[in-house]
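# Report on the structure
Spelled out, the chains give:
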Amino acid sequence: MAVSSSSPLPKTLKIGIVGFGPFGQFLAKTMIKQGHTLTATSRSDYSQLCDLLGVSFFRGMDEFLEAENDVIMICSSILSLTEVVVALPLRRLKRPALFADVLSVKEYPREVLLKVLPEESDVLCTHPMFGPESGKDGWNGLSFMFERVRIRDEAICSSFLHIFQSEGCRMLEMSCEEHDKLAARSQFLTHTIGS
């Protein structure tokens, strides 16, 4: 996953965030710092915060999807994922995009995204294994899990992954199934042994 001299340079991306709550905002700040262009949509009105950050905020999903994002990052809760993805007016996409989720479980979002998204949409399942508290001083050494589920545009996928790699994340490529088994095992141990 390291960028070699023969790899094309990472490109600046236009990233759309669905769900601009605390975690979406946390990720957005680093993406903006790296020079990426951001758009956002959310149930709550974050237009003032987005103005301060330099993010284009869309109240309507139609306009958000028409904004020609390279990447659409789903930052919803696990419980609302299906509702959020099914509600996307996908006919408004002007071109294929990479859809990436950032949920802490992986098999469920993979299933939903593959079922609902058009075949020409790329799917990348990710789990940044850190948050606003653990990542407040930077992401160096923090784990970032991902699975390239359905990728046709490798340049966009690699550029998106480079956001995390360039911040020093420990890049862990594994299947969604393997991730969830490991997560279940570690949560079981945490809860049985104590915290």
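Residues numbered from 1 in each chain as written. Predicted model: local features only at pLDDT ≥ 70, side-chain atom pairs only at ≥ 80, totals over all residues. Heavy atoms only, no water.

On to the pairing of strand β1 (residues 14–18). For β1, a buried count of 4 out of 5 residues is recorded, marking the element as mostly surrounded by other parts of the structure. Relative to strand β2 (residues 37–41), β1 is paired through 5 bridges, and the arrangement is parallel. Note on β2: the bridge partner recorded for Ile15 is Leu38. Taking the sense of rotation as the criterion, the β-α-β connection linking β1, helix α1 (residues 22–33) and β2 turns out right-handed. As paired strands, β1 and strand β4 (residues 71–74) are joined by 4 bridges and run parallel to one another. Bridging across to β4, Ile17 finds its partner in Met73. (Buried < 20%, exposed > 50% of the residue type's maximum accessible area, 1.4 Å probe, protein only. Helix = DSSP H or I, 4+ residues; strand = E, 2+ residues; numbered from the N terminus. Pairing = 2+ DSSP bridges. Right-handed = clockwise from strand over helix to strand, strands pointing away.)

Should the charged atoms of two oppositely charged side chains come close, the side chains can pair. A full pass over the atoms with the stated rule returns 15 salt bridges. In this structure, the salt-bridge partner of Glu68 is Arg95, at a minimum N-O distance of 3.6 Å. Here Glu68 is found in the loop between α3 (61–65) and β4, whereas its partner Arg95 is found in the loop between α4 (81–87) and β5 (98–101), with 27 residues between them in sequence. By relative accessible area, Glu68 is classed as partly exposed at 37%. Since its relative accessible area comes to 32%, Arg95 is described here as partly exposed. (Salt bridge = Lys/Arg side-chain N within 4 Å of Asp/Glu carboxyl O.)

With that settled, the discussion passes to the packing of aromatic side chains. Going through the model one piece at a time under the given rule, you end up with 10 aromatic pairs. Ring centres 6.0 Å apart and planes at 70 degrees place the aromatic pair Phe20 and Tyr46 in the edge-to-face group. Of this pair, Phe20 sits in the loop between β1 and α1 while Tyr46 sits in the loop between β2 and α2 (47–53), and the two are 26 residues apart along the sequence. Looking at Tyr46, the relative accessible area reads 22%, which means it is partly exposed. Ring geometry for Phe160 against Phe164: centres 5.6 Å apart, planes inclined by 70 degrees, an arrangement best described as edge-to-face. Separated by 4 residues within a single helix, Phe160 and Phe164 lie in helix α6 (residues 154–165), roughly one turn from each other. (Phe/Tyr/Trp six-rings, centres within 6.5 Å; stacked < 30°, edge-to-face > 60°.)

Taking 1.5 Å as the rise per residue, α6 with 12 residues should run 16 Å; its terminal C-alpha atoms sit 16 Å apart, in good agreement. Listed in full, the buried residues belonging to α6 are Ile156, Cys157, Ser159, Phe160, Leu161, Ile163 and Phe164. (Expected span 1.5 Å × (residues − 1).)

The 8 strands are arranged β3-β2-β1-β4-β5-β6-β7-β8 in an open sheet whose pairing can be described as mixed. Looking at which strands have only one partner, the edges of the open sheet turn out to be β3 (56–57) and β8 (170–173). Judged from the 4 bridges that link them, strand β7 (residues 143–150) and β8 form a sheet pairing that is parallel. Paired with Met145 across the two strands is Leu172, which belongs to β8. Set on the sheet, helix α5 (residues 107–116) makes contact with β5, β6 (122–128) and β7; between it and β7 the angle comes to about 30 degrees. On the sheet, α6 packs against β1, β4, β5, β6, β7 and β8 and is oriented at approximately 170 degrees with respect to β7. (Contact = heavy atoms within 4.5 Å. Axes fitted to C-alpha atoms, helices over the stretch in contact; angles between N-to-C directions.)

Here we take up α5. Every buried residue of α5 is accounted for by Pro109, Val112 and Leu113. End-on view of α5: buried residues confined to an arc of 95 degrees, all on one side of the axis. Looking at α5, the residues exposed on the side facing more than 90 degrees away from the buried face are Glu111 and Lys115. For α5, the secondary structure elements touched by its buried residues are α4, β5 and β6. (Arc of directions from axis to C-beta.)

Shape descriptors only; they carry no functional weight alone.
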